[in-house]
Amino acid sequence: MAAAPFPAPSPPSTSASGSRPWRRRGGRRRPGFGSLFGTAAPRARPRSTGNVQRRLPRPARPGGFQPPPAESPVPSQRLVAKTSLSSPPWPEVKLPDPLEEAKYHAEVVQKVNEMIATGQYGRLFAVVHFASKQWKVTSEDLIMMDNVLEAECGDRIRMEKVLLVGADDFTLIGRPLLGKDLVRVEATVIEKTESWPKINMRFWKRHNYQRKKIIRNPQAVLRINTIDIFPSLS
Amino acid sequence: MVLLSAPRWLRNRLTDRFWRVQEVLKYARHFRGRKNRCYKLAVRSVRRAFVKSTKARREKKRFLRALWITRIEAASLEHGLKYPAFISNLLKSQVELNRKMIADLAIYEPKTFKSLAALAQRRRQEGFLAALGDGKEPEGIFSRIVHHY
């Protein structure tokens, strides 16, 4: 017996004059024409046969069906029927044991430290935040920034905002930045020029309006010399 | 003897018409049809080309961002995470890589991208556990006793 959604009201089976006393069982009889043509047999209304449990509908209880509490209801031991709201919509999550995890993390950190100290990495790449842009950078590659740099040509520059450093076997992800004692990215300024003349044009048709402007942005080219990492992980 | 008015055979005539026309035609040389040769048609086409390139420079940023997002979505689905879950959990773990970088890492550094996906997944699970809380029933609101002192 489940508390179903409110069923359609069924007439009470007690007596014919339950809720609507003016309605009587046995079909309707209209005086008038019937007496002229003689009374025909009353039309049989289809009645449901079989076991129909006619009960007054119960008000639905919120929260689904819950059996009466047997013992003291401890939340973890209570049995709850499976409805759309009885469990969260995401699959159940089990995190690994924190102690074991801490041991594993310490092992990994120590291994990576060893690898860095002994120099067992090939080419390093770094993600550097420079000139309001992020660049993925290795040694010996060129970078062109579209703005002014306050350094002369030939100056050696250290880029301090490093977000990520990686090699073939390990990656160091900064949250959000890596420490300055961990990574060192050095670059040299190669040339400072202007960009090619870009044309900005505005034109409204039928209004005799056009404006043409030639824009030359200052640019600077850097060459990344080295990326170094030091074994100072903890 | 100073002549105060110029004689009739002296006129101001345009001498560098050729170069003025070439200034416009040089931008139209790679166009299709007569508008790469005839000045009158070329002027209109070149003007439209300049205006379109100006507007496109602003739309290129939107277009590239959509492209990066598509690439990151594809790569994170390979690791079993959807794009919103991936990005939101990375930001919650204070990793501030932008979409251009993550897309480049997904293409050129697959192992790094895999570790980023694992980080996001772990942060997501911790978030689920934190959302469930202690598992106790919350204290009631109407059954609370209000103290008036």
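Throughout this description, residue numbers start from 1 for each chain and increase along the sequence as written. Here the convention is simple: chains get letters from A, ligands get numbers from 1, in the order in which they are written. Local features in this predicted model are restricted to residues whose pLDDT is 70 or higher, and side-chain atom pairs enter the listing and the counts only when it is 80 or higher, whereas totals over whole chains, interfaces and linings include all residues. Hydrogens are left out, water is left out, and the side-chain values use all remaining heavy atoms of the structure.

The helix and strand tally for chain B stands at five helices and zero strands. In DSSP terms, a helix is any run of H or I states spanning at least four residues, a strand is any run of E spanning at least two, and both are numbered starting from the N terminus. Order of helices (α) and strands (β) in chain B, N terminus to C terminus: α-α-α-α-α. Radius of gyration: C-alpha atoms only; globule rule: 2.2 Å multiplied by the number of residues to the exponent 0.38. Taken over the C-alpha trace, chain B has a radius of gyration of 34 Å; the compact-globule value for 149 residues is 15 Å, which it surpasses by more than 25%. Considering only C-alpha atoms, chain B reaches an extent of 115 × 55 × 30 Å along its principal axes. Considering chain B as a whole, with its 149 residues, one finds that 24% of them fall into the buried category. Contacts were defined at the residue level, with two residues in contact if any of their heavy atoms lie within 4.5 Å. In chain B, the proportion of contacts linking residues at least 24 apart, taken out of those at least 6 apart, comes to 43%. Per-residue accessibility takes into account occlusion by the displayed protein chains alone, with areas from the Shrake-Rupley method and a 1.4 Å probe. Roughly 12000 Å² of accessible area belongs to chain B as shown, and the carbon and sulfur atoms make up 55% of that amount. Only protein chains enter the area calculation, which uses a 1.4 Å probe; residues under 20% of their type maximum are buried, those over 50% are exposed, and those in between are partly exposed.

With 29 residues of chain A at the interface, the matching set in chain B holds 31 residues. When chain A packs against chain B, close to 2800 Å² is buried across both sides, 63% of that on carbon and sulfur atoms. By definition, a salt bridge exists where a carboxyl oxygen of Asp or Glu is found within 4 Å of a side-chain nitrogen of Lys or Arg. Our count for the chain A to chain B interface comes out at three salt bridges. One salt bridge connects D168 of chain A with K111 of chain B, and the closest N-O pair in it is separated by 3.1 Å. Of all the secondary-structure elements, those providing two or more residues to the side of chain A that touches chain B are β1 (125-130), β2 (133-138), β5 (162-166), β6 (171-173), β8 (198-204) and β9 (209-215) of chain A. Buried area is calculated as the accessible area (1.4 Å probe) missing from two parts once they are joined, with the contributions of both summed.

Now for the sheet that holds β2 of chain A. The four strands lie next to each other as β2-β1-β5-β6 (chain A), forming an open sheet whose pairing is antiparallel. Each end of this open sheet is capped by a strand with a single partner; those strands are β2 and β6 of chain A. This sheet shows a mean twist of 20° between the axes of neighbouring strands, independent of strand direction. Helix axes are fitted only over the stretch in contact, all axes being lines through C-alpha atoms; the angle between N-to-C directions runs from 0 to 180 degrees. Relative to the sheet, helix α5 (residues 110-132) of chain B contacts β1, β5 and β6 of chain A, its axis offset from that of β6 of chain A by approximately 45°. In this scheme, strands are said to pair when DSSP sees at least two bridges between them.

So, on to the nonpolar core. Residue and element names in this part refer to chain A. Ranked by size, the top nonpolar core spans 31 residues in total, and within it L149, V183 and V185 carry the most contacts. Of all elements in the fold, only α2 (98-118), β1, β2, β3 (142-145), β4 (156-159), β5, β7 (183-194) and β10 (218-229) reach the threshold of two or more residues within this core. For this core, the element with the most residues is β10, which contributes five residues. V185 has contacts with A126, V128, I157, R158, M159, V162, I224, T226 and I227, leaving out every residue within four places of it along the chain. We call a set of buried residues a nonpolar core when its members are Ala, Val, Leu, Ile, Met, Phe, Trp, Tyr or Cys and they connect through side-chain atoms within 4.5 Å of each other.

Let us look at α5 of chain B. The end-to-end C-alpha distance of α5 of chain B, which contains 23 residues, comes to 33 Å, matching closely the 33 Å that a straight helix rising 1.5 Å per residue would cover. Of the surrounding elements, those touching the buried residues of α5 of chain B are β1, β5 and β6 of chain A together with α2 (39-78), α3 (83-92) and α4 (99-108) of chain B. Positive backbone phi, approximately 75°, marks G133 of chain B, located one or two places after α5 of chain B. Here a helix's expected span is defined as the number of its residues, less one, multiplied by 1.5 Å.

Looking now at the pattern of salt bridges. One pass over the full model with this rule turns up nine salt bridges over all chains. Across the salt bridge formed by K136 of chain A and E109 of chain B, the nearest N and O atoms sit 3.3 Å from each other. On the criterion of chain membership, the pair formed by K136 of chain A in strand β2 and E109 of chain B in the loop between α4 and α5 is interchain, its members lying in two chains. Under the relative-accessibility criterion, E109 of chain B is labelled buried at 17%. Across the salt bridge formed by E186 of chain A and R184 of chain A, the nearest N and O atoms sit 2.7 Å from each other. Of the residues examined, E186 of chain A reaches a relative accessible area of 12% and is grouped as buried.

Turning to unusual backbone geometry, a few remarks are in order. Residues and elements named next belong to chain A. Cis peptide bonds are those with omega within 30 degrees of zero, and the linkage from R175 to P176 qualifies with -15°. Inspection of the secondary structure puts P176 in the loop between β6 and β7. Here the phi dihedral of R206 falls at roughly 65°; this positive angle occurs in a residue that is not glycine. Mapped onto the secondary structure, R206 falls in the loop between β8 and β9.

Attention now goes to the confidence of the model for chain A. Confidence scores labelled pLDDT are given residue by residue by the predictor and lie between 0 and 100. Chain-level pLDDT for chain A is 80 on average; 68% of the residues reach the 70-or-more range. This model gives residues 1-17 of chain A a pLDDT under 50, and the stretch forms seven contacts once residues within four places in sequence are excluded.

So, about the environment of Q125 of chain B. Its place among the elements puts Q125 of chain B in helix α5. Taking the relative accessible area as the measure of exposure, Q125 of chain B reaches 22% and is therefore partly exposed. Sequence-distant contacts of Q125 of chain B, defined by excluding residues within four places in its chain, comprise V93 and L95 of chain A.

With that settled, the discussion passes to the pairing of β2 of chain A. All names here are of chain A. Note: β1 against β2, six bridges, orientation antiparallel. When the sheet's bridge partners are listed, A126 is paired in β2 with V137. Counted between consecutive antiparallel strands, the loop separating β1 from β2 contains two residues, among which A131 sits at a positive phi close to 55°.

The subject of this paragraph is a positive patch on the surface. Residues with no salt bridge and a relative accessible area higher than 30% make up the patches, which join like charges within 9 Å and nonpolar side chains (Val, Leu, Ile, Met, Phe, Trp, Tyr) within 5 Å. Note that His is not counted, nor are the chain ends; the positive residues are Lys and Arg, and the negative ones are Asp and Glu. A single reference atom marks each charge: NZ on Lys, CZ on Arg, CG on Asp, CD on Glu. A surface patch of positive charge is lined by K205 and R206 of chain A together with R48, K52 and K55 of chain B. Here K52 of chain B shows up in helix α2. By relative accessible area, K52 of chain B is classed as exposed at 51%.

All names here are of chain A. What the four strands build is an open sheet, ordered β3-β10-β7-β4; its pairing is antiparallel. Two strands lie at the open edges of the sheet, namely β3 and β4, each paired on one side alone. Adjacent strand axes in the sheet meet at a mean angle of 35° when their direction is disregarded. In the sheet, β7 pairs with β10 via 11 bridges, with the strands oriented antiparallel. Directly across from T193, in β10, lies its bridge partner Q219.

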